[in-house]
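Descriptive structure summary
One letter stands for each residue in the lines below.
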Amino acid sequence: MIDILKKISSDFFNKQGYPSKKLENWKFTSSKNLIKFDKQDSPDIVSRKIETDESTLLFINGKLCLDTLENFKFKDNLEIQDLVNINDENVFAFSNTFSNDSMFNLGMSDFESGHYIKFKKNTTLENPIKIINFFENNSSDCRITSFNIFHFEDGSQVSIIEKDINEGTPSFNLKLNKFICDDASNLKFGKYIEEKSDCHLLSYSYYEVGKDVCLNIDSMNKNSIFSKEFIEIDLNNTGSDAKINILNLVKNEQHLDNNILINHNAEHCTSFQHVRNILDNKSTAVFNGKVIVAEGAQHTDSNQSNKNLLLSLDSTAFSNPQLEIYADDVSCGHGSTTGALDENSIFYLRARGIDQSSAQKMLIKAFAKEVIDEFSLSSVQDISEIALDSWING
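As a starting point, this report considers the structure included with it. (Residues numbered from 1 in each chain as written. Predicted model: local features only at pLDDT ≥ 70, side-chain atom pairs only at ≥ 80, totals over all residues. Heavy atoms only, no water.)

With respect to the sheet that holds strand β18 (residues 301-310)
- On the basis of which strands lie adjacent, the open sheet formed by ten strands has the order β3-β2-β6-β8-β10-β12-β14-β16-β18-β20 and mixed pairing. Each edge of the sheet is formed by a strand with only one pairing partner; in this case those strands are β3 (63-64) and β20 (331-339).
- Note that strand β16 (residues 270-279) and β18 share ten bridges and pair parallel. Its bridge partner being in β18, L279 is matched across the sheet by L310.
- Lying on the sheet, helix α6 (residues 356-372) is in contact with β14 (241-250), β16 and β18; it crosses β16 at an angle near 155 degrees.
- Across the sheet, helix α7 (residues 378-393) is in contact with β8 (157-168), β10 (186-194), β12 (214-222), β14 and β16; its angle to β12 comes to roughly 20 degrees. (Pairing = 2+ DSSP bridges. Helix = DSSP H or I, 4+ residues; strand = E, 2+ residues; numbered from the N terminus. Contact = heavy atoms within 4.5 Å. Axes fitted to C-alpha atoms, helices over the stretch in contact; angles between N-to-C directions.)

Below you can see the structure in the form of structure tokens.
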């Protein structure tokens, strides 16, 4: 089945090509910077020696390193298969939004191998699983593609913290992930990205959510030269709750783009998007947030909030929160603000003996803390606060 899907995706991309700014989801982000990158064959993962602990799953250039499973303390709670052995078309089903995106199809046609990782029914893990994505290439302008599917069966209670590590020359990392959250599952997914190289990141994450599911997505992104992330959530049954909290720190000429779509396809579901961007120098940030409430999805409760703090006159933020509502008994709202540090607040702090620089740093930290405090995982909160201090003082 996977070969058929790869062929369909290859034909789609060859016909459509790289996306233009005429497309709504690419209006403020140019794909021209990605054209120079060519597909690279991944190196042999068996020979790689990367230190991990008993709670870590290691992916090297998108491929699960099976050697790390030997000491993985939760391995009895998992069932793992290579995607080539999966013949259930429902497992590979994605939204029309993704299926009609040319870069998503490039990723589907590109990836060499991936895994289907299933957490067994009623699995309860007290401590978070750590996922390390290790990307390495030895030649310039390489594209590294990954595709993996995570399935959380009924009643699973799982927390995951994901971190990317890039070594070698700068690459273009194209990541495709699907998360299947069955009834009464609870997933806390935290992601921390701190770029120390000039890698480009484009990711597609699709969440298929059942009944009475609790989904939390926390993300901290610091210093990515180019990062564009698509998140789509389908709330397909009653009583589910999805929360997304994101903090982005960008400076110099870095560009960061969050595209979030939440589909309320069933009644009595709630969703919340909270994205904050802090921009300095000539950096840019984009927020495209959308909620669609389907006909019959009564008693939906949804809110979007995007706030942008500009530390430079040369930085730019684009904000586009959207609502499409086809039901009449709902509570939905959205808001967006963009501005500089409040001069009155700075004056207030300076009047109390605090110098200009310290006052500005205090206000920046207070702005960021409002979203960090909403993170569902305390370890991601701690990591983010340390990263924030480093970014402010850097």
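Structure shown, so let's carry the discussion forward.
As for the nonpolar core
- If you look at the biggest cluster of nonpolar residues, it comprises 40 residues, and the most contacted ones within it are I129, F152, L187, Y207 and I233.
- Setting aside anything within four residues of it in sequence, one finds F152 in contact with F119, V158, I160, F179, I180, C181, D182, S185 and L187. (Core = buried A, V, L, I, M, F, W, Y, C linked by side-chain atoms within 4.5 Å. Buried < 20%, exposed > 50% of the residue type's maximum accessible area, 1.4 Å probe, protein only.)

Description of the packing of aromatic side chains
- Here the structure, examined in full by the defined rule, presents 21 aromatic pairs.
- Aromatic pair F94 and F147: ring centres 5.9 Å apart, planes at 50 degrees, arrangement tilted. You can see F94 sitting in the loop between β4 (78-82) and α3 (96-99) and its partner F147 sitting in strand β7 (residues 142-152), a full 53 residues away along the chain.
- The exposure class assigned to F147 is buried, which follows from its relative accessible area of 0%.
- When the ring centre of W391 is taken as origin, the NZ or CZ atom of K251, which lies over that ring, is 4.8 Å away. (Phe/Tyr/Trp six-rings, centres within 6.5 Å; stacked < 30°, edge-to-face > 60°. Lys NZ or Arg CZ within 6 Å of the ring centre and 35° of its normal.)

Geometric values such as these leave the question of function open.
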